[in-house]
Amino acid sequence: MTIRYLIQKEFLQIRRNSFLPRLIVAFPIMIMCVMPWVMNMEVKNIRVSVVNNDRTTRSQQLVHRIEASRYFIFKGQQPSYQAALKEVEKSRADIVVVIPPRYGKAVELVRARQAQPSHSSGGDGGKVLIAANAVNGTKGSIGAAYLSQIVADVHQPAAVSPRLLYNQRQDYKLFMIPALFAIVMMLMTGFLPALNIVGEKEAGTIEQINVTPVSKWAFIMSKLIPYWIIALFIITVCLVLAWAVYGITCQGSLLLVYLLAMLLALFFSSLGLVISNYSNTLQQAIFVMWFFVVCLMLLSGLFTPTRSMPSWSYATTYINPMHYFIDAIRTVFVRGGTLQSIAHQVLALAGLSAVMALWAVKSYKKNS
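Residues numbered from 1 in each chain as written. Predicted model: local features only at pLDDT ≥ 70, side-chain atom pairs only at ≥ 80, totals over all residues. Heavy atoms only, no water.

Student: What is the right way to read the side chain of Ser363 from this model?
Tutor: Tracing the backbone shows Ser363 in helix 14 (residues 343-363). Accessibility expressed as a relative area gives 5% for Ser363, which makes it buried. Ignoring sequence-local partners within four residues, the contact set of Ser363 consists of Val274, Asn277 and Tyr278. (Helix = DSSP H or I, 4+ residues; strand = E, 2+ residues; numbered from the N terminus. Buried < 20%, exposed > 50% of the residue type's maximum accessible area, 1.4 Å probe, protein only. Contact = heavy atoms within 4.5 Å.)

Student: Honestly, the environment of Trp37 in this entry has me stumped. Any pointers?
Tutor: Residue position: Trp37 is located in helix 2 (residues 20-38). Using a relative accessible area of 53% as the deciding quantity, one classes Trp37 as exposed. Taking the C-alpha atoms as reference, Trp37 lies 9.6 Å from Met176; in sequence the two are 139 residues apart. Among all residues touching Trp37, those that are not within four sequence positions of it are Lys173 and Tyr246. Within polar-contact distance, the side chain of Trp37 engages the backbone oxygen of Cys33 at 3.5 Å. (Polar contact = N/O pair within 3.5 Å; in protein donor to acceptor, adjacent residues only side chain to side chain.)

Student: What is the right way to look at the sheet that holds strand 1 (residues 46-52) in this model?
Tutor: The strands making up a sheet are joined through hydrogen bonds of the backbone, oriented either antiparallel or parallel. The 4 strands lie next to each other as 2-1-3-4, forming an open sheet whose pairing is mixed. If you trace the sheet from one side to the other, it starts and ends with strand 2 (72-77) and strand 4 (129-132), each paired once. Across the sheet, the mean angle from the axis of one strand to that of its neighbour is 20°, orientation sign disregarded. Bridging between strand 1 and strand 2 involves 4 bridges; their strand directions are parallel. Bridge assignment links Ile46 to a residue of strand 2, and that residue is Phe72. (Pairing = 2+ DSSP bridges. Axes fitted to C-alpha atoms, helices over the stretch in contact; angles between N-to-C directions.)

Student: When you look at the pattern of salt bridges in this model, what are you seeing that I'm missing?
Tutor: Pairs may arise between side chains of opposite charge once their charged atoms sit close together. For the structure shown, the criterion picks out 6 salt bridges. Where Glu87 meets Arg92, a salt bridge forms, and the shortest distance between an N and an O atom there is 3.6 Å. Residue classification places Glu87 among the buried positions, given a relative accessible area of 18%. One network of salt bridges, with partners in common, ties together Lys9, Glu10 and Lys223. (Salt bridge = Lys/Arg side-chain N within 4 Å of Asp/Glu carboxyl O.)

Student: Could you clarify how one ought to interpret helix 1 (residues 2-16) in this entry?
Tutor: Helical geometry note: an α-helix holds 3.6 residues per turn, so side chains three or four residues apart project in the same direction. Under the 1.5 Å per step criterion, the end-to-end length of helix 1 is 21 Å for 15 residues, consistent within 8% with the ideal 21 Å. The complete set of buried residues in helix 1 reads Leu6, Ile7, Glu10 and Ile14. Projection of helix 1 onto a plane perpendicular to its axis shows the buried side chains occupying an angular sector of 100°, all on one side. Turned more than 90 degrees away from the buried face of helix 1 sit Arg4, Arg15 and Arg16, all of them exposed. Looking at the packing, one finds that the buried side of helix 1 touches helix 2, helix 7 (172-203), helix 8 (206-210) and helix 9 (216-246). (Expected span 1.5 Å × (residues − 1). Arc of directions from axis to C-beta.)

Written as structure tokens, this is what we have:
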């Protein structure tokens, strides 16, 4: 019965705070309604200038292919490479495509040789120069890759037709929305507990708890349970908004989504209490929590594949709960994975959360 009244006290404190209830409602709504539109890793609106030194039907076909692509903004044709380069220097273009003389004849020759397996394609004719502005390395490299694919298709139409099993519309929002669940859960169930005990230390109310016979387990559980309930509310709001705003629904079991959310909430609420137990001021707790949040988020695979990291940084993913959550939630949400397909991630999350919860209890010093 003691823990019941402690939990009631926590909810009374949250309700009497003029800011927290509004934050708990407004934050997930803002993240789900705004971020899927701006957190898009696709590279679009690449400005392209073309220098056509051939002026044949085949070179015009290449120009029209570039102009029709949804990834590029066609900035017209320039008389020379130097003129096109000046456009890049003035930030009016991102990539310059130079079509060489006799390009059309070279393409026809390549196609004729490819139609006769006994002959090798050989030769360097028809090579197209793609000069990309690499100030923004991602935009330059991916834009050049897009153009290289278009040039290759003009030389030899692709014989391979890709078949998409999941996310057939290639909607990037379907890929990012499950990851946004992780961001909302991490910030809401991490920062609020981190500020809880420190706030009571500064207000002096925690001394009243310390002189009571309340056990450390009961006290810490009374701090954790309210944020688990808040986590259930937040993940429900996110799921409803994903369906209502974007028409995106979970392909797998919603019970698995809630299971993963509760395990992540347990870890971050416990981490917040651990930081709160060791901190003496709100400022100290905020900066320490922010340090862990940024590191866990950037090393989780939220924005970039973890396999692209150096081996020493990839090793950190083994103790990163965000990595397991994002991997599992995308498997369930996008692919419709079952418990068996995410068993490894669930066990890892449960183990890390249990260790962190035990640490939260042990680190709380109750001076009676």
